[in-house]
Amino acid sequence: MPRVKKSKRFRYNLASTLKVREIRETLQKEVVTKARLKLREEQEKLETIRVKLTEEHDKILEMYSAGKPLDMGEIFLRKHRLELLKVEEDEQIKAVEQAEENKNKEEKKLLKAMQDRKILEKDREKKNKLWRKLMDKEETKFLDEISTSRFFRSDRKGVG
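Quick caveat: nothing in here was measured; it's all calculated off a predicted structure.

Visitor: Where do I start with the overall build of the chain in this structure?
Guide: Looking only at helices and strands, the chain features two helices and zero strands. Relative to the 2.2 N^0.38 estimate, which gives 15 Å for 160 residues, the radius of gyration of the chain is 37 Å and therefore markedly larger than a compact globule would have. By its C-alpha atoms, the chain is 135 × 25 × 15 Å across when sized along the principal axes. Per-residue burial over the chain gives 21% buried out of 160 residues. Restricting the contact set of the chain to residue pairs at least 6 apart, pairs at least 24 apart contribute 87%. Both charge centroids of the chain, one from 44 positive and one from 33 negative side chains, sit 14 Å from each other.

The following block contains the structure:
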């Protein structure tokens, strides 16, 4: 076994890799945040479209319940507007689903990045504990050598 060199500080041999993984995790957190914001925007757009749909339905019902003569041109325009809003709603639902899938995918990547970082941190902690034990052992060995040499030195002086 090679001679252990006593050092004052613990140096982790994968420190640069750990730093890279921490940076990747930070960047992935930003991506996840953007994906969540995009999802929220898409959901808000969908809600706006649904509010417009409800308003159009209410306007048509108002026309029927007002008791005034019905204007067929306006009824057809409102019906056409309802159809367009329904198509827009369907497209927006797809956009929301896509944004949700993207957010889930990015969250999985973030989870993987966090796991990778935690693995290296646990490894660093274990190696640090081993290093401390080794340094304690070396210090004990050093102190034993000093006490032994003093004992023999004092023993020689006493005999001579």
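Visitor: What exactly am I supposed to notice about the pattern of salt bridges here?
Guide: When charged atoms on two side chains of opposite charge get close, those side chains can pair. In the structure shown here, the tally under the stated rule is 16 salt bridges. Between E25 and K29 there is a salt bridge whose closest N-O contact spans 3.6 Å. Of this pair, E25 and K29 both sit in helix 1 (residues 15–65), four residues apart, which is roughly one turn of that helix. Residue K29 is classed as partly exposed on the basis of its relative accessible area of 41%. Here K127 and D123 are joined by a salt bridge, their closest N and O atoms 3.7 Å apart. Remark: D123 and K127 occur in helix 2 (residues 72–159); sequence separation between them is four residues, near one turn of the helix. The exposure class assigned to K127 is partly exposed, which follows from its relative accessible area of 31%.

Visitor: Even after reading the chapter, I still don't get the side chain of E106, so can you show me in this structure?
Guide: With respect to the helices, strands and loops of the structure, E106 is situated in helix 2. Accessibility expressed as a relative area gives 8% for E106, which makes it buried. If sequence neighbours within four positions are ignored, E106 has contacts with Q28, V31, V32 and A35.

Visitor: I tried to follow the packing of aromatic side chains on my own but got confused; where do I start?
Guide: The description of two aromatic rings rests on the distance between their centres and on the angle between their planes. Under the counting rule described, the total for this entry stands at two aromatic pairs. Consider the rings of F10 and W131, whose centres lie 5.7 Å apart with planes at 55°: the pair is tilted. Remark: W131 occurs in helix 2 and F10 occurs in the segment before helix 1; sequence separation between them is 121 residues. Exposure remark for W131: the relative accessible area of 19% places this residue in the buried category.

Visitor: Would you mind showing me how to read the side chain of Q28 here?
Guide: Along the chain, Q28 turns up in helix 1. Q28 has contacts with E106, K109 and L110, leaving out every residue within four places of it along the chain.

Rules used throughout
- Residues numbered from 1 in each chain as written.
- Predicted model: local features only at pLDDT ≥ 70, side-chain atom pairs only at ≥ 80, totals over all residues.
- Heavy atoms only, no water.
- Helix = DSSP H or I, 4+ residues; strand = E, 2+ residues; numbered from the N terminus.
- Rg over C-alpha atoms; globule rule 2.2 N^0.38 Å.
- Buried < 20%, exposed > 50% of the residue type's maximum accessible area, 1.4 Å probe, protein only.
- Contact = heavy atoms within 4.5 Å.
- Lys, Arg positive; Asp, Glu negative; His and termini not counted.
- Charge placed at Lys NZ, Arg CZ, Asp CG, Glu CD.
- Salt bridge = Lys/Arg side-chain N within 4 Å of Asp/Glu carboxyl O.
- Phe/Tyr/Trp six-rings, centres within 6.5 Å; stacked < 30°, edge-to-face > 60°.

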